Each structure stands twice: as structure tokens, then as C-alpha cells.
There are 2 protein chains.
Amino acid sequence: MAESAYKEMWEKLNLDIDAHEGLLEVLGKFYGDIYLSQQGRLQGAEYLDFVLSEVHGLRIKELQDAKAQGRKIIGSFCVFVPEELTLAADAVHVGLCSGADAGTEMAETMVPRNTCALIKSFVGFKLAKICPFTESCDVVVGETTCDGKKKAYEAFAEHVNMYIMEVPQQKNACDHDLLRAEMKRYMEELEKLTGKTIGVDDIKKGIAIANGKRKAIQGLNALRKADPAPISGRDALLINQISFYDDPVRFTAKINELCDEIEARIEKGEGVAPKGTPRLLLAGCPMAVPNWKLPYIVEGSGAVVVGEESCIGSRNIRDLVDEDATAKATTVDELLDLLTDRYMKIDCACFTPNDERLDNIADMAEELGAQGVIHYALLFCQPYSHEAFKVDKTLQAKGVPMLAIETDYGMEDVEQLKTRIEAFVETLES
Amino acid sequence: MAESAYKEMWEKLNLDIDAHEGLLEVLGKFYGDIYLSQQGRLQGAEYLDFVLSEVHGLRIKELQDAKAQGRKIIGSFCVFVPEELTLAADAVHVGLCSGADAGTEMAETMVPRNTCALIKSFVGFKLAKICPFTESCDVVVGETTCDGKKKAYEAFAEHVNMYIMEVPQQKNACDHDLLRAEMKRYMEELEKLTGKTIGVDDIKKGIAIANGKRKAIQGLNALRKADPAPISGRDALLINQISFYDDPVRFTAKINELCDEIEARIEKGEGVAPKGTPRLLLAGCPMAVPNWKLPYIVEGSGAVVVGEESCIGSRNIRDLVDEDATAKATTVDELLDLLTDRYMKIDCACFTPNDERLDNIADMAEELGAQGVIHYALLFCQPYSHEAFKVDKTLQAKGVPMLAIETDYGMEDVEQLKTRIEAFVETLES
């Protein structure tokens, strides 16, 4: 993965070249073991391999080229940050590195030990100077979705130009008002940053691009109802992960192509695992690149993953901005209303109550023909750890078994997880 | 503490009589060791002893009598729930049990293991049926100040009639609007519950009572600037704890009396520890009854506690509702605005940023003549654990040493804490 041609760029970004080289090497090996070893992979997976191999190379080069043209780069860690507005400002919207143990010791000088791996990861990546995305950003947009991130951003702001967007915690009228005000504030921040006045057509363009990306993944997810499963959970997760990194127009075109290939495969009755292989839905915390630990273990345990109920999964693509209403809208205010309506539908565990999520998980399990659900919470993630109890109860009432897992990015518990997951899969087969 | 005359009342409240008896016995012993053993205690501490000895007895009887008269009982766990409005509705406002390990195993069937002791405590008290306050409540008002409580309330609501009040996370205009809307919603909820229409004079009465209580504790805190310290940190904490339980008018009168006694003591140059004893400020998480662990250890380590920067401490009493503006107000809306203004000043770690808290701690340390600060975070409390880093930085810049402690309600770490605190106190003496 490491291209020496990019070294100059990484040096300009003030990365720690040796540490970064080490990271890319580990990642390359990890990717080979988990992805390239798969049997019966789709032709279109070449796109995934290419994007991953160039994630710190060509993609960063593109960001630098965009900057050279005067475009701004916005980083974020959350599906609440409205990409539509970033795109409307002709800025680039990228997810930031938070899926690997790196710089953990350094991170623990700024955030408590009892902080989830995702947060320690982004703090660590920054302090260890190994994330070219963070270094490319003009602004990083944080949000208030959980205590851990909310407070870690205060520390992060000592190193990065941060902007904080507030996300409400209930779904009453005053919450809608708050998010609507925050949409406007973010838009104004973008206007200040870019010097561009955002107009109706700009937002419509942003909505079209973001909806297009969502529809591509919705299409992919619909195809995953087929048995045999036409794509591995690992590859589907990777597609969701890449949706946060790659250029959205290119991504959409490539995933639509991939879906055509999947359709042909389904017609032929082909898949990545035999028909009748136990099908599992993963639900819970986001798995950021390169956190492929759980689907890798699951798919090595005799099951296939058919869905991801997570921010890097269905939570990010379930709801579109209303397309008819967008077409009819004639003012920025109307469009901000539509965006707010869409974002208030997100079933993040930051909301109380969050019963929509319970319904959505039960519906997904049914639609995708999943025989069981694995609830995945990062250790110390309070919102999702708490909801695991409610999800379990909901699924029990529907007769769908659930296994609750809490883990981090370490590899120490892989064997233990494997044992538990294999035992869970066996109960589904009987 | 256990009065058999109350047994019938506890049975009616459906308490587990044996478990409750056990709790009272432990509490009584604990109180004797920590409180009654103190030398040179104030005469007025008799009030504290009496309230504590009757906290599950006479006070519960009062609540039952109030209920018999048609008054409603409102329980809460947070200083954001506006007592002024509860009082305006002629309802009783009480804090609920959350300061002791009880029913922890039962609690862990509903909330994650990695949850702070305070939350596990209130869930455990309910499941173990040993909190007569919770059982007396018509409604428990929860809030969204931290992920742990926010999500635990969802589980708690399966056992208790809950109402959730949203607290914003920033201090922009839209946050003020949100809290203002929540004030109104809470008022309307009280009107529904009590069948009473809340008018201008009702709220003014509520404000007068709540401000009176705050001014009494402000007066106490001002007297604690004296050296020798005229009251122990343990007793001062107890006063703050009792402020959440006892009748507010009685409490205010008793504390004002106690302050008169303290003034006389200061004039005579008397105190609970010799002049020059190292003075410490405790800052961080609330210590709910009967969580006296830290001040007990500190005051057994050669230091005296001179302030509590916490919700059960200065955070609850620092800011008054504007009294001149209250006097002039002629509408309910104006009064709700004034309440909102007051509550938005709270420097809870739920806010981002929360720089006011840093300034307040530094100011308190200076005003109270504290030579050092102990930052206290409950294990797994993310907001305060994160802020510990910032508080440390702020105090370092002022030359005030800080010791960061994370602990729970268990006694396993007492010796270790004692060692660390003694070493910290020694550095202050040198």
C-alpha cells in the first residue's frame, strides 16, 4: 500500500513518516488476510481494493488538489453532520481515521482510560501524526452525540480546528427547532469558511449527491436478502466504510455497477456461502476502517453477515431527504427544513427514548432473513451498551436470538469471541 | 435509626423489610463512625443527626402525610430539575437514594457493568425495594445530563413513573430556547399532575423558597473561608445532602441558625482543626447520601475540606434566580425566562465547552484559601473524568496542586486512597 511517490505529500502534511509507514504495512497485511483471502469475491471488489490501497495515497492527493483549487476539506466522525451542506459549499466531506489502535498511550494523556476505542483512536491518530485525513482538514466538525466524543473534542480542539454541532437528545418540537438552528449555523460557518453564499441550487445539488449515495447502498442492502448471500459481510462493511472516504459521485457509480453484478449473480443462484448458511445481522456501534474484527470472526465461524445496523451501515442510509419536496422547494429555509426532517429520523442511541431503533432492528432481521443478531458495543460506549438490554428484549419477543458483545480494537479477545460466536451460530443451525 | 413504629409505613410502601432493616443498620453504624466520632462538633449539628436518623422515618411520614392531603411527591437526581416549579405546584421535591452500593447485582441485569456507582445505586435501590423515597414518588423527573443516566432512565421507567426533562449541551441561543421550552413543558406536566393552575404568585413563592435555601448555604460557604475551619467538610457535605431531602423552609431556618453559631465560633478563633491545617477543595462528581467516603479519608489524613465544587455543593447554590427581576415580573412567561436564565448558568460537565467550571474552581480555591484540590470522578463517569484533565491544567497554571481520583462506592480502595491522599497532603505542608 505504501507508495514512496506519496512520501513528499505525507511529509508536507507533517506526518510521522516512520510511524505512518508502519501503520500502512500492518494495514496492508491485515487487509490481505481478511479481504484478499476471500473465495468467490465479486469482480467489482477491485474498486474496493483500489480505494483501500490508495486511501492514504491517491485519495489524499485528491484532497490536496482540491485544496489547491481553493476548496475546503471538512472532516467528521458522525452521520449527523449534514454532508449535503458541505457539498453545497463545494467543500469536500470526509470521515476521519478512528478504527485502529494507534497512539493509545498518547491519547490517554488527554482522555480517560475508560474511553471507547473509537475515541482513543482518533485522538491517538492525531497525536501520533499518522492520519493524513485529519492533517488535510480545514475544519473538523464534531457533535454532541455521546459524552465521550463531546468531551474528547474539547481536548482534540487543542490540536485541530474544531467546530461543534449540537445534536438534540429527544424528538420533541423543541429538539427539531434546535437541530434546525444548528443546520443554519453550520451552513453559515461553511459560508464563512469558503467565502461562498450557499443558494437553493447548491443545496439541491448536495441533496442529490448524498441521496444518490444512500440509494446505491439501499440497493445493495436489498440484494442482500438473497440466499445464498451474494456478498460477504466484510465487503459490505467495507463499502459502507468507503462511503465516508471516497468521492461520493464516483462511489455511487461504482456501487451501482457492483449491484448490477450482484443481480446477475443472484439470478445464477451464486453466492459467497452455500444456501442455508446461518445469516446474522450485526447491530450497534460503528465499525470504522480498519475495524473488520467482528465480521471477520463471524464469517470464520460458519455464518454470513447480511446486514449492518450501525452508523457505518443502515443508520446512515435508511432515510433520504424528501425528493419531491426538494424539487418543489424554492428557498434555502425550506431546504433546511427538509434536511432537519431527514436528520431527526436518525435512530441514534443518543436519543431517549429511541424505540424506533428497536423496531428498525427487528424489521431488518426479518427482511434480511437473519436468524440471529449480534449486538456489538465498544467497551465503555454507554449509549449502545445500555440499548443492548432493550434490543435483546425486543428480539426475544420476536423469537430472534441475540448475542451481546462488548469489545475494543485489541486482538486479545479474538479467540474468546470466536468461541462465543461459534456456539451462538451452532444454536441457530439446530 | 430503625424505628419499629415506621414498619407499617414501610410495609405499605412495599419495601423489602429485612433488606431495608439491614441497610439502616449499616447506615447507622457508618454514620456513628464518620460523624458522631468527630471532636468539637457544632451544637447545631444536632439537626443534621436528627434528619439523618429520621431520613427513612419521619421524613417519609411527612411525605405520606403530604400525599394524604392531596399533594404530589416529585423525585429527582439532578440540580437541573427546577424545584421552584415543583414548589409552585404545591408539590414536594425530593432527591432520591443513590449514594450506596445496594442491589448492584440486580441493577446489572438492567444497566451495563461499566456504569457509574450512582446510577447502579438508584436502579439497585429500586429493584431491591429499599428506597422509601422512590416508593413515595408520584413522578420521578429524569434529565439528559449524561449518557449513563439518560439511558438508565429508560430501564428505570419500566419500574417507576418517569418524566424526562431535556438539558441542552451548549450555551447558544438555541440551547436557551430548548431549556425554556422544557421549563414550560415541566410546568404543564405539574399542572396536569396536580390539577392546579400555576400562577405568577405560585412561582414567586417557589423562587423565594429555593433562593432562601441557596442563600443559607452561600452564607455557610462564606464562613468556611475562616482559618481554623469552623466546620468539618463532612458536616458541610451532609448539609448539602440534606438540602435535597428535608423540607426546604425548615432546612433554611436551621442552617441560618447554624451559621450564627459558626460566626460566634469564628469570633472566638475556634475550629474543627488547628489553624494552619492544610485546606482542600473537593471538585467533581456529586456525593449522594451516604457517600461520605472521600471527605472522611481526607479529614483522617491531616487535612480539612473547605469546599465542595459539585452538584451536591456549590453547583446547586451558586446562582440565584434574579430577585429584583422576580419582584417586578407580572407574567408566568417572564418568570420562566428568569428561571431559564438561572439554570443556564449551571457549569455542569454536560456542557461543551464548560470553561466557566474551570474558572469557578480556580476562584473557589482562592477564596476558600484551599492549598490543593482533589478532583473526584466516579468510575465510568465520562463527563467529569474528561474534565479532570482540563481542571488540572487550569490549576497548574495558578500554582494550585491537584490530585485526580476515580473511585466508586466500594471500600476496597480505601487504604490505597488514604496513602495517595496522605502523600498529597504532605506535599502541601512542605
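See the structure above.
Here we summarise the structure given alongside this text. This one's a predicted model, so the numbers in the text were calculated from it and none came from an experiment. (Residues numbered from 1 in each chain as written. Chains lettered and ligands numbered in written order. Predicted model: local features only at pLDDT ≥ 70, side-chain atom pairs only at ≥ 80, totals over all residues. Heavy atoms only, no water.)

1. Structural notes on the packing of aromatic side chains
Residue and element names in this part refer to chain A.
No. 1: In this structure the tally under the stated criterion is 27 aromatic pairs over all chains.
No. 2: Plain terms: the ring middles of Y31 and Y35 are 4.8 Å apart, the flat faces sit at 20° to each other, and that makes the pair stacked. One end of the pair, Y31, and the other, Y35, are both in helix α2 (residues 17-36), four residues apart, so they sit about a helical turn from each other.
No. 3: Residue Y31 is classed as buried on the basis of its relative accessible area, which comes to 6%.
No. 4: Residue classification places Y35 among the buried residues on the basis of a relative accessible area of 0%.
No. 5: Taken together through their ring pairs, the aromatic side chains of F30, Y31, Y35 and W292 make up a single cluster. (Phe/Tyr/Trp six-rings, centres within 6.5 Å; stacked < 30°, edge-to-face > 60°. Helix = DSSP H or I, 4+ residues; strand = E, 2+ residues; numbered from the N terminus. Buried < 20%, exposed > 50% of the residue type's maximum accessible area, 1.4 Å probe, protein only.)

2. Some thoughts on helix α10 (residues 173-194) of chain A
Residues and elements named next belong to chain A.
No. 1: For α10, which comprises 22 residues, the first-to-last C-alpha distance of 32 Å matches the rise-based estimate of 32 Å (1.5 Å per residue) to within 8%.
No. 2: For α10, the complete set of buried residues consists of C174, D175, L178, L179, R180, E182, M183, Y186, M187 and L190.
No. 3: Of the residues one or two after α10, G195 is the one with positive phi, at around 70°. (Expected span 1.5 Å × (residues − 1).)

3. What about the nonpolar core?
No. 1: By size, the foremost hydrophobic cluster in this structure holds 137 residues, and its most contacted members are F133, I203, I374 and I421 of chain A.
No. 2: What I374 of chain A contacts, discounting residues up to four positions off in sequence, is L280, L281, L282, A283, L294, V298, L403, I405, I421 and F424 of chain A.
No. 3: Counting residues in each nonpolar core, the second largest holds 135 residues, with F156, V305, L338 and L417 of chain B among its members. (Core = buried A, V, L, I, M, F, W, Y, C linked by side-chain atoms within 4.5 Å. Contact = heavy atoms within 4.5 Å.)

4. Considerations on the sheet that holds strand β8 (residues 402-407) of chain A
Residue and element names in this part refer to chain A.
No. 1: Across the sheet, which stays open at both edges, the four strands sit in the order β6-β5-β7-β8 with parallel pairing between neighbours. With one partner strand each, in any of the chains shown, β6 (304-309) and β8 form the two edges of the open sheet. Adjacent strand axes in the sheet meet at a mean angle of 25° when their direction is disregarded.
No. 2: Sheet analysis places strand β5 (residues 279-284) next to β6, joined by five bridges and oriented parallel. In the sheet register, R279 faces β6, and the bridge partner there is V304. (Pairing = 2+ DSSP bridges. Axes fitted to C-alpha atoms, helices over the stretch in contact; angles between N-to-C directions.)

5. As for the pattern of salt bridges
No. 1: All chains considered together, the criterion is met by 75 salt bridges over all chains.
No. 2: Residue K171 of chain A pairs with E356 of chain A through a salt bridge whose shortest N-O separation is 3.0 Å. Of this pair, K171 of chain A sits in the loop between β4 (162-165) and α10 while E356 of chain A sits in helix α18 (residues 355-367), and the two are 185 residues apart along the sequence.
No. 3: By relative accessible area, K171 of chain A is classed as partly exposed at 29%.
No. 4: A relative accessible area of 32% places E356 of chain A in the partly exposed class.
No. 5: Here the salt bridges do not stand alone but share partners, grouping K151 and E154 of chain A together with E309, R315, R318, D347, R357 and E387 of chain B into one network. (Salt bridge = Lys/Arg side-chain N within 4 Å of Asp/Glu carboxyl O.)

6. Looking at unusual backbone geometry
No. 1: Cis geometry marks the peptide bond from D227 of chain A to P228 of chain A; its omega dihedral reads 5°.
No. 2: On the secondary structure map, P228 of chain A appears in the loop between α11 (200-223) and α12 (233-242).
No. 3: Here the bond from T352 of chain A into P353 of chain A is cis, since omega is -10°, no more than 30 degrees from zero.
No. 4: Relative to the helices and strands, P353 of chain A resides in the loop between α17 (332-343) and α18.
No. 5: In the Ramachandran plot, K129 of chain A falls in the positive-phi region, its phi being about 55° despite a non-glycine side chain.
No. 6: Counting through the fold element by element, K129 of chain A comes out in the loop between α7 (117-127) and α8 (132-136).
No. 7: We note that F380 of chain B has phi near 80°; this positive angle belongs to a residue other than glycine.

7. Quick look at the environment of K254 of chain A
No. 1: Among the secondary structure elements, K254 of chain A is positioned in helix α13 (residues 248-267).
No. 2: Given a relative accessible area of 34%, K254 of chain A falls into the partly exposed group.

8. Digging into the relation of the copies chain B and chain A
Each of the two copies of the chain can be brought onto the other by a rotation about an axis and a shift along it.
No. 1: For the pair chain B and chain A, the best superposition has an RMSD of 0.0 Å and corresponds to a rotation of 180° with a translation of 0.0 Å parallel to the axis. Both copies of the chain, as the preceding transformation shows, are related through a two-fold rotation axis. For chain B, the smallest separation between a C-alpha atom and the rotation axis is recorded for D147 of chain B, amounting to 3.1 Å.
No. 2: Interface overlap between copies is the fraction of interface residues in one copy that are interface residues in the other; for chain B against chain A it reaches 100%, indicating a shared surface. (Least-squares fit on C-alpha atoms with pLDDT ≥ 70 in both.)

Read these as layout, nothing more, since geometry by itself doesn't imply function.
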